[in-house]
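What follows is the residue order along each chain.
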Number of protein chains: 2
Amino acid sequence: MSVASSQVAIRFHPPSYDIRVENVPIPEITHPDDAIVKIHFSGLCGSDLHVYRGHEAVDKIHTCGHEFIGQVVKLGSSFSVHSQRLPTLYANLKIGDKVVCPFTTSCGECQMCRSGFTCRCIQSKLFGSPALEGAQAQYIRVPNAGGTLFNLSDPDTWPLSTPKQVSDSSLLLLADILPTGIFAVIQALSHPKVLPVLAAAPWPLHDLASSDMLGLFPKENVPTFAIVGLGPVGVCATISLLDQLGKRQLPSGFRIVAVDPIESRRNKMRSIYSKVCDSKVQSRDVFVVQSIEEAKETVQTWTSSVGCSAVLEVVGNNSALALAYELVQPFGTISSVGVHGERPFPLTGGQLYDKNVSFDFGRCPVRSLFPMAFDLLIKRQDIFGGVGDESGLIDRIVGFDEAVEMYAAFDKGEVGKIVFDPWRKKIID
Amino acid sequence: MSVASSQVAIRFHPPSYDIRVENVPIPEITHPDDAIVKIHFSGLCGSDLHVYRGHEAVDKIHTCGHEFIGQVVKLGSSFSVHSQRLPTLYANLKIGDKVVCPFTTSCGECQMCRSGFTCRCIQSKLFGSPALEGAQAQYIRVPNAGGTLFNLSDPDTWPLSTPKQVSDSSLLLLADILPTGIFAVIQALSHPKVLPVLAAAPWPLHDLASSDMLGLFPKENVPTFAIVGLGPVGVCATISLLDQLGKRQLPSGFRIVAVDPIESRRNKMRSIYSKVCDSKVQSRDVFVVQSIEEAKETVQTWTSSVGCSAVLEVVGNNSALALAYELVQPFGTISSVGVHGERPFPLTGGQLYDKNVSFDFGRCPVRSLFPMAFDLLIKRQDIFGGVGDESGLIDRIVGFDEAVEMYAAFDKGEVGKIVFDPWRKKIID
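Sequence order sets the numbering: in each chain, residues are counted from 1 along the sequence as written. All chains are assigned letters beginning with A, and all ligands numbers beginning with 1, in the order in which they are written. Local features in a predicted model are, by the rule used here, given only for residues with pLDDT of at least 70; side-chain atom pairs are given and counted only at 80 or more, and totals for whole chains, interfaces and linings are based on all residues. Side-chain metrics in this entry use all non-hydrogen atoms of the structure; hydrogen atoms and water are not considered.

(A) Seen up close, the pattern of salt bridges. Residues and elements named next belong to chain A. Any carboxyl oxygen of Asp or Glu within 4 Å of a side-chain nitrogen of Lys or Arg constitutes a salt bridge here. Following the criterion strictly, the structure yields 34 salt bridges over all chains and no others. Measuring nitrogen to oxygen at the nearest pair gives 3.5 Å for the salt bridge that ties Asp243 to Lys247. Of this pair, Asp243 and Lys247 both sit in helix H8 (residues 232-248), four residues apart, which is roughly one turn of the helix. Judged by its relative accessible area of 5%, Asp243 falls in the buried class. Overall, the relative accessible area of 52% leaves Lys247 in the exposed class. Through salt bridges that share partners, Arg11, Glu22 and Glu133 make up one connected network. Under the DSSP-based scheme used, a helix requires at least four consecutive residues in state H or I and a strand at least two consecutive residues in state E, with every element numbered from the N terminus. Three labels apply to residues, based on accessible area from a 1.4 Å probe with only protein chains included: buried if under 20% of the type maximum, exposed if over 50%, partly exposed otherwise in between.

(B) Quick look at the packing of aromatic side chains. Two rings from Phe, Tyr or Trp (for Trp, the six-membered ring) form a pair when their centres sit within 6.5 Å of each other. Planes less than 30 degrees apart are called stacked, planes more than 60 degrees apart edge-to-face, and all others tilted. Applying the stated rule across the entire model yields 33 aromatic pairs over all chains. The interplanar angle of 50 degrees and the centroid separation of 5.2 Å between the aromatic rings of Tyr52 of chain A and Tyr407 of chain A together place this pair among those described as tilted. Remark: Tyr407 of chain A occurs in helix H15 (residues 403-411) and Tyr52 of chain A occurs in helix H1 (residues 48-52); sequence separation between them is 355 residues. Residue Tyr407 of chain A is classed as buried on the basis of its relative accessible area of 1%. Joined through ring pairs, the aromatic side chains of Phe345, Phe359 and Phe361 of chain A together with Phe345, Phe359 and Phe361 of chain B make up one cluster. A positively charged side chain is recorded as over a ring if its NZ (Lys) or CZ (Arg) lies within 6 Å of the ring centre. The angle to the ring normal must also be within 35 degrees. Lying over the aromatic face of Trp423 of chain A, Lys38 of chain A brings its terminal NZ or CZ to 4.9 Å of the ring centre. The ring of Tyr325 of chain B has Lys355 of chain B lying over it, and the distance from NZ or CZ to the ring centre is 4.7 Å.

(C) Layout of helix H10 (residues 292-303) of chain A. Given the number of residues in a helix, its expected span is that number minus one, multiplied by 1.5 Å. In this model H10 of chain A runs 17 Å from its N-terminal to its C-terminal C-alpha over 12 residues, within 8% of the 16 Å that 1.5 Å per residue would give. Lining the buried residues of H10 of chain A we find strand E9 (224-228), strand E10 (255-259), strand E11 (286-290), strand E12 (308-313) and helix H11 (318-327) of chain A together with helix H3 (111-114) of chain B. Immediately downstream of H10 of chain A, the backbone of Ser304 of chain A shows phi near 50 degrees, a positive value. Only heavy atoms matter for contacts: two residues are in contact if any of them lie within 4.5 Å across the pair.

(D) Fine view of the relation of the copies chain A and chain B. If you rotate chain A by 180 degrees and push it 0.0 Å along the axis, it lands on chain B with an RMSD of 0.0 Å. In symmetry terms, the pair is related by a two-fold rotation axis. Closest to the rotation axis within chain A is the C-alpha of Phe359 of chain A, separated from it by 2.5 Å. Our superposition of the copies is a least-squares fit, built on the C-alpha atoms of residues whose pLDDT is at least 70 in both.

(E) The interface of chain A and chain B, seen in detail. Listed per partner, the contact involves 68 residues of chain A and 68 residues of chain B. Here the quantity called buried area is the accessible surface, traced with a 1.4 Å probe, that two parts lose on coming together, added over both. In this assembly, chain A packs against chain B so that about 6,200 Å² is buried in total across both faces, 60% of it on carbon and sulfur atoms. The three residues of chain A that bury the most area against chain B are Gln111, Trp203 and Tyr353 of chain A, which together make up 13% of that side's buried surface. Run the count over chain A and chain B and you get zero salt bridges. Of all the secondary-structure elements, those providing two or more residues to the side of chain A that touches chain B are helix H3 (111-114), helix H6 (177-189), strand E13 (328-336), helix H12 (349-354), strand E14 (358-361) and helix H13 (366-379) of chain A. With six residues, the single largest contributor to the side of chain A that touches chain B is H12 of chain A. Under the scheme applied, nonpolar residues are Ala, Val, Leu, Ile, Met, Phe, Trp, Tyr, Cys and Pro; charged residues are Asp, Glu, Lys and Arg; polar residues are all the others, including Gly. Looking at side-chain class alone, the side of chain A that touches chain B contains 31 nonpolar, 24 polar and 13 charged residues. What makes two strands pair is DSSP finding at least two bridges between them. Here three bridges tie E14 of chain A to strand E14 (residues 358-361) of chain B, and the two strands are oriented antiparallel to one another. Counted as the bridge partner of Ser358 of chain A is Asp360 of chain B from E14 of chain B.

(F) Broad picture of the domain arrangement of chain A. Residue and element names in this part refer to chain A. As annotated, the domain borders come from an automatic or database domain assignment. Parsing chain A into structural domains produces domain 1 (6-175 + 382-420) and domain 2 (179-361). Between the C-alpha centres of domain 1 and domain 2 the distance comes to 30 Å. On the side of domain 2, 14 residues touch domain 1, which itself brings 16 residues to the contact. Carbon and sulfur atoms supply 64% of the area that domain 1 and domain 2 bury against each other, a total of about 1,400 Å² over both sides. On the domain 1 side of the contact with domain 2, Ile383, Ser391 and Leu393 bury the most area, a combined 32% of that side's loss. Where domain 1 packs against domain 2, one counts zero salt bridges. N or O atoms closer than or at 3.5 Å make up a polar contact, with two conditions inside protein: a donor-capable atom paired with an acceptor-capable one, and, for residues adjacent in sequence, both atoms drawn from side chains. Inspection of the domain 1/domain 2 interface yields five residue pairs in polar contact (both at pLDDT 80 or more).

(G) A look at the sheet that holds strand E4 (residues 62-63) of chain B. Residue and element names in this part refer to chain B. With antiparallel pairing, the three strands of this open sheet are ordered in space as E2-E1-E4. The sheet is open, and its two edges are formed by strand E2 (19-25) and E4, each paired on a single side. Note that strand E1 (residues 6-12) and E2 share seven bridges and pair antiparallel. Across the sheet, the residue bridging to Phe12 is Ile19, located in E2.

(H) Summary view of the state of the cysteines. For the purposes of this analysis, a disulfide is any pair of cysteine sulfur atoms at a distance within 2.5 Å. Taken as a whole and judged by the stated rule, the model has zero disulfides over all chains. Among the cysteines around Cys113 of chain A, which has no disulfide bond, Cys121 of chain A carries the closest sulfur, lying 3.8 Å off. What makes Cys113 of chain A buried here is its relative accessible area of 0%. Counting only cysteine sulfurs, Cys121 of chain B is the nearest neighbor of Cys101 of chain B, a cysteine outside any disulfide, at a range of 12 Å. Note on Cys101 of chain B: relative accessible area 0%, which makes it buried.

(I) Spotlight on helix H6 (residues 177-189) of chain B. Over its 13 residues, H6 of chain B extends 18 Å from the first C-alpha to the last, a length consistent with the 18 Å expected when each residue adds 1.5 Å. With respect to burial, H6 of chain B is a largely interior element, 13 of its 13 residues being buried.

(J) Structural detail: the environment of Lys125 of chain B. Checked against the element boundaries, Lys125 of chain B lands in the loop between H3 and strand E7 (139-142). In this structure, Lys125 of chain B is in contact with Phe103, Thr104, Thr105, Ala131 and Leu132 of chain B, ignoring residues within four places of it in sequence.

Next up, the structure:
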């Protein structure tokens, strides 16, 4: 496959709010484990805005973006030799394979990777950062490609038998936002403070046999959740939560309040829910989309001021953490997947002690969650597959000529999920 | 049973370091759900020191202490009528019954109690605080006694069949420190970030079937734990952790470092461990007791700088939290049962995000953990049952005449667990 020597890319110029579309060299293989991928689509993500706004004090010009889907065009020498390395990772990838990539690299071989915690790989780098050139380009270099890339041309990965069409732009959502939404959900639903209410049994679950409170579990304790932040990741988290709770067919039902201060985001969430609710939600289940103040009142009313079983924090700032703390019940858990900065934590140890709060922080190990995310992506093509529908997740697919404008509009919350087609010419003049 | 009208009690006088033994009235029933208990033993606990040192800015003179075992001498009218209330809680308690009491009250009827989160009962009060007179006295009033007290005279509770003698002073440990230590352990061992390493399988456990990383779990990832703080609660946590891990017979074994800056505490821990290790620990298991600096090095060496699977924080200050953060691995969990104050949290959201840390904070729901704690208390009478042994948990049983001296010595870390016998006359002199 022939590759030109220069390409177009969206570049960040410090200190802030300065995005330029520029010609840069096409990357080369620099390590035997590298792959070069020709990008079909790349995403604009909420966490791109942290750099854009100057919040991360990045002082290096670099190519933006950490979400992409594309095709392998070059491979380092590791892929052509028979080695003793983990075979599924470095034996199967071929030139021409269609791949989707997590937003961070992972070697697949270190202790962290093999324990499933791929986003904390000891060699991990974040695409679109000063450490590694990003995906809002036509080509990208992928370090540790055997451990990092998810091979969509591998028949073991790609369920060819599925009758549904899966759009390429929807596959891009596997790079970050869909697994990150799922991550927020499974952290909450697998927490030992949340498992009991799902089972309608008192804590601690594993000690059921000897608990003298067995049989006393209160009917009014219905699993209750808040999702704080309805950007694209928050929407993915909500769809995943509805899916996961729907599967469980809880006798008590469940209650969810999805919260965002921006009206257009709330409306988008409602449109999307109108598709989901038909198929998944039982009559006793309750789902509402509300502003912050409305949500506080709703949780008070639903729970007689006790609070939510769990809160998903999908924003990444102190006001979102403080709201999550306010909404969660004593002995509740907060699953925080927002990217937090270095400002002082908004809660004291005393507040955390007094409410017996649990927190799960951090970055999604996308590579480990691909199988789950892939299942949900296929199942809900009605939401993830379309572009520009009122009830679809992706708002627009644009060329790089609209990059400056789209960054500004996304920064202001005026557009939803934006996907770049790096090969598209401007259609309307 | 006849009751005198005045009693002796240990009272806190604001603002700090002022403890006095005084005559006060014997409490009366003030609510139909009350019980009056004649105290056999009451404990001096690390969290008594928060008030003693003036850290909680308590401005009210009150009776100290929140750990006691004793005998019911008066009951409110709720206990003598047949009601529709939860029968096991308010029907079985009788005058003359031997009881042990959690350090906070719990009604047993509200949503929090019936969900097992008894320490966050909506009516909960802490003994030995401005809200409720304490246990370092001869008599105590117990609100919500039907939900709060654990009835040791109830044949369903008290396993009469057990061949072992259980000392009264050891039963006092059920009031707080033994369940609190167990709480620290079960929060860590039931956490979804810790369950995989115990199962030697990659995260996320529940998605095993579809994970393409199955079978790759690294042998070098051995379950590794640190316990920060070897006061009496830390010792209980350590014994419980050794017991729980011992039961699991992990093929990989486990590694534990128990950490305290005070040498006498480390020596006590080692003596106690010498009893435990014979019966519980397999040859591949590793247990060490170390200073802070030693422990940092040990964890680095053991884990090739990855860190501990989980850290139990049993101190309740910012340096302990910061140490726990330093020792824990990315995707590790910190189980914090120390009582934290209102100082700023020592970590930023960015630090928590960057390490994918999970935290479980808060007070032990003692009432829910009585069955587990009771089992361990009986099983390890060799440690909990003696007084003043090198390898026993309780250091001394003293009369109130030694109260001032004991508070001062405990504050300085010069003595271990102190138990008061409110009826004891001074023996020497």
